[in-house]
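These are the residues of each chain, in order.
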Amino acid sequence: MKAVGLTRYLPIDDPQSLIDVDIAKPEIGAHDLLVRVEAVSVNPVDTKLRAPKPQVESQPRVLGFDAAGTVEAVGADVTGFKPGDEVYYAGDITRPGSNAQYQAMDARLVAHRPRRLDAAAAAALPLVTITAWELLFHRMPYDPEHGGEGKSLLVIAGAGGVGSIAIQLARRAGFTVIATASRPETQAWCRAMGAQHVIDHRQSLTAQLKALGFNEIDAAINLADTAHYWTELGELLAPQGHVGLIVEPKSPVNIGDPYKAKCIGIHWEMMFSRPRFKTADMAEQGRILARVAQLIDEGELRGIQRETLSPINAENLREAHRRLESGNTIGKLVVAGW
């Protein structure tokens, strides 16, 4: 089958950083689905895994996590899926990736994709949706239905993939959502996602929030630079507030006061934890995607696909990685079709 992989870890401008390869079609286990991949999207984890380093792979390594496609075959112990089902999923960091014509994937991580979305739009959602849902509603102590009522939430990096769906989920849960964005087009995107207020992350968050009438905030999710905003968030968060994080700090942070004095909850999210460690509740990721598909079909959430490249090949995936590494993408960038 066709796939896009790497054998050396190179800068994205190098034509060998991602290459077209022909590899064997995967075999499936008892809990697996064999999916014919129709669309994929790129995420920061893809660029991090591909980043330059001396290691050389003896066989092509296939990256990619988000995917939408059609079930070709089901494992002996699989229930709830059959050949011909249209599905979407975020994958498993311990297995070969989605940048291939066929992928074997644990059925517990998969859901039927939203009926209102085509494969490209569906492929934009899984990884960032699971990340946002787990962060807000599993790591942080909020209920997805009414847990934000009467509370304020600051979303740092609101126009990115996770921010785009987190804004929507938080609004639906009842939060007053303040998102950060610095360009007119990213500010407009955050408002389109449902943010009631948008402030510029290049300026003082505290001053802008006070101008909006917020002397403190109940919760924040920092989807950008953990260390850069650490001190200011500690000052902004209300006593017994909560902060959610997905990016490792580039420099040490002090988890003492004011975080300790205020009893601020610090919550890490890594959406690959459940599949990586085969936790007893790993099927929760399939359930999250099923619930989100339902909410999209009911019109309560919207897709976050911003742009699509076609077909799925090394040239277009290199371009997708290049754009993501530029830091200027909005929503999600999808690569579709073979």
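Remember, predicted model here, so these are calculated numbers, not experimental data.

Thresholds applied
Residues numbered from 1 in each chain as written. Predicted model: local features only at pLDDT ≥ 70, side-chain atom pairs only at ≥ 80, totals over all residues. Heavy atoms only, no water. UniProt positions renumbered as here; feature names shortened; annotations may be inferred. Helix = DSSP H or I, 4+ residues; strand = E, 2+ residues; numbered from the N terminus. Axes fitted to C-alpha atoms, helices over the stretch in contact; angles between N-to-C directions. Parallel < 35°, antiparallel > 145°, perpendicular 65-115°, else oblique. Contact = heavy atoms within 4.5 Å. Nonpolar A, V, L, I, M, F, W, Y, C, P; charged D, E, K, R; others polar. Pairing = 2+ DSSP bridges. Phe/Tyr/Trp six-rings, centres within 6.5 Å; stacked < 30°, edge-to-face > 60°. Buried < 20%, exposed > 50% of the residue type's maximum accessible area, 1.4 Å probe, protein only. Lys NZ or Arg CZ within 6 Å of the ring centre and 35° of its normal. Expected span 1.5 Å × (residues − 1). Core = buried A, V, L, I, M, F, W, Y, C linked by side-chain atoms within 4.5 Å.

### What about the UniProt feature "domain: Enoyl reductase (ER)" (unreviewed entry) in the protein?
When the UniProt feature table is mapped to this numbering, "domain: Enoyl reductase (ER)" (unreviewed entry) covers residues 13-335. Annotation note: span residues 13-335, helix share 32%, strand share 26%, distance between end C-alpha atoms 18 Å.

### Remarks on the packing of helix α3 (residues 126-139) against helix α10 (residues 284-297)
Two numbers describe a pair of packed helices, the interaxial angle and the distance between the axes. At a minimum axis separation of 10 Å, α3 and α10 run at an interaxial angle of 100°. Judged on the interaxial angle alone, α10 and α3 are roughly perpendicular. Of α10, the residues touching α3 (which contributes Pro-126, Thr-129, Ile-130, Trp-133, Glu-134 and His-138) are Glu-284, Gln-285, Ile-288, Leu-289, Arg-291, Val-292 and Leu-295. Grouping the constituent residues of the contact of α3 with α10 by class yields seven nonpolar, three polar and three charged.

### What to know about the sheet that holds strand β10 (residues 176-180)
Spatially, six strands are ordered β11-β10-β9-β12-β13-β14 in an open sheet, and the strand pairing comes out parallel. The sheet terminates laterally at β11 (197-199) and β14 (265-268), the two strands that pair on one side only. Strand-to-strand, the axes of this sheet are offset by a mean angle of 20°, without reference to chain direction. In terms of strand pairing, strand β12 (residues 217-222) meets strand β13 (residues 237-245) through five bridges, oriented parallel.

### Focus: the sheet that holds strand β4 (residues 53-62)
Taken together, the three strands give an open sheet; going across it, the order is β2-β1-β4, and neighbouring strands pair in antiparallel fashion. For this open sheet the edge positions go to β2 (19-22) and β4, each flanked by a neighbour on one side alone. Each adjacent strand pair in this sheet contributes to an overall mean axis angle of 40°, direction not counted. Taken together, the four bridges between strand β1 (residues 2-9) and β2 define a ladder with antiparallel strand orientation. The partner of Val-4 across the bridge, within β2, is Asp-20.

### Notes on the packing of aromatic side chains
How two aromatic rings sit relative to each other is set out by the distance from centre to centre and by the angle between their planes. Taken as a whole and judged by the stated rule, the model has four aromatic pairs. Ring centres of Phe-65 and Phe-272 lie 4.7 Å apart, and the angle between their planes is 55°; on these two criteria the pair is classed as tilted. Separated by 207 residues along the polypeptide, Phe-65 in the loop between β4 and β5 (67-74) and Phe-272 in the loop between β14 and α9 (273-277) bring together distant segments of the chain. Ring geometry for Trp-230 against Tyr-259: centres 4.2 Å apart, planes inclined by 15°, an arrangement best described as stacked. Here Trp-230 is found in helix α7 (residues 226-236), whereas its partner Tyr-259 is found in helix α8 (residues 259-262), with 29 residues between them in sequence. Summarising the burial analysis for this pair, Trp-230 and Tyr-259 share the class buried. Geometry around Tyr-102 places Lys-25 over its ring, the cationic atom sitting 4.2 Å from the centre.

### So, unusual backbone geometry
Omega for the bond connecting Asp-257 with Pro-258 falls within 30 degrees of zero, at 5°, which places this linkage in the cis form. Within the fold, Pro-258 resides in the loop between β13 and α8. Cis geometry marks the peptide bond from Ser-310 to Pro-311, where omega comes out at 0°. Although it is not a glycine, Ala-157 adopts a positive phi angle of roughly 80°. Its place among the elements puts Ala-157 in the loop between β9 (152-156) and α4 (161-173).

### So, α10
Residues that lie three or four places apart on an α-helix share one face, since the helix turns once every 3.6 residues. The end-to-end C-alpha separation of α10 is 20 Å, in line with the 20 Å expected for 14 residues at 1.5 Å each. Those residues of α10 that are buried are in contact with β6 (86-89), β8 (110-112), α3, α4 and α9. Among the residues trailing α10, Gly-299 stands out with phi positive, at a value near 85°.

### Some remarks on the nonpolar core
Tyr-88, Leu-136 and Ile-221 are the most contacted members of the largest nonpolar core, which has 91 residues in total. With eight residues, α3 is the single largest residue contributor to this core. In contact with Leu-136, other than residues within four places in its own chain, are Pro-141, Tyr-142, Leu-153, Ala-166, Leu-169, Ala-170 and Ile-221. Judged by nonpolar contacts, the second largest core, of 18 residues, contains Leu-154, Ile-199, Ile-217 and Ala-220.

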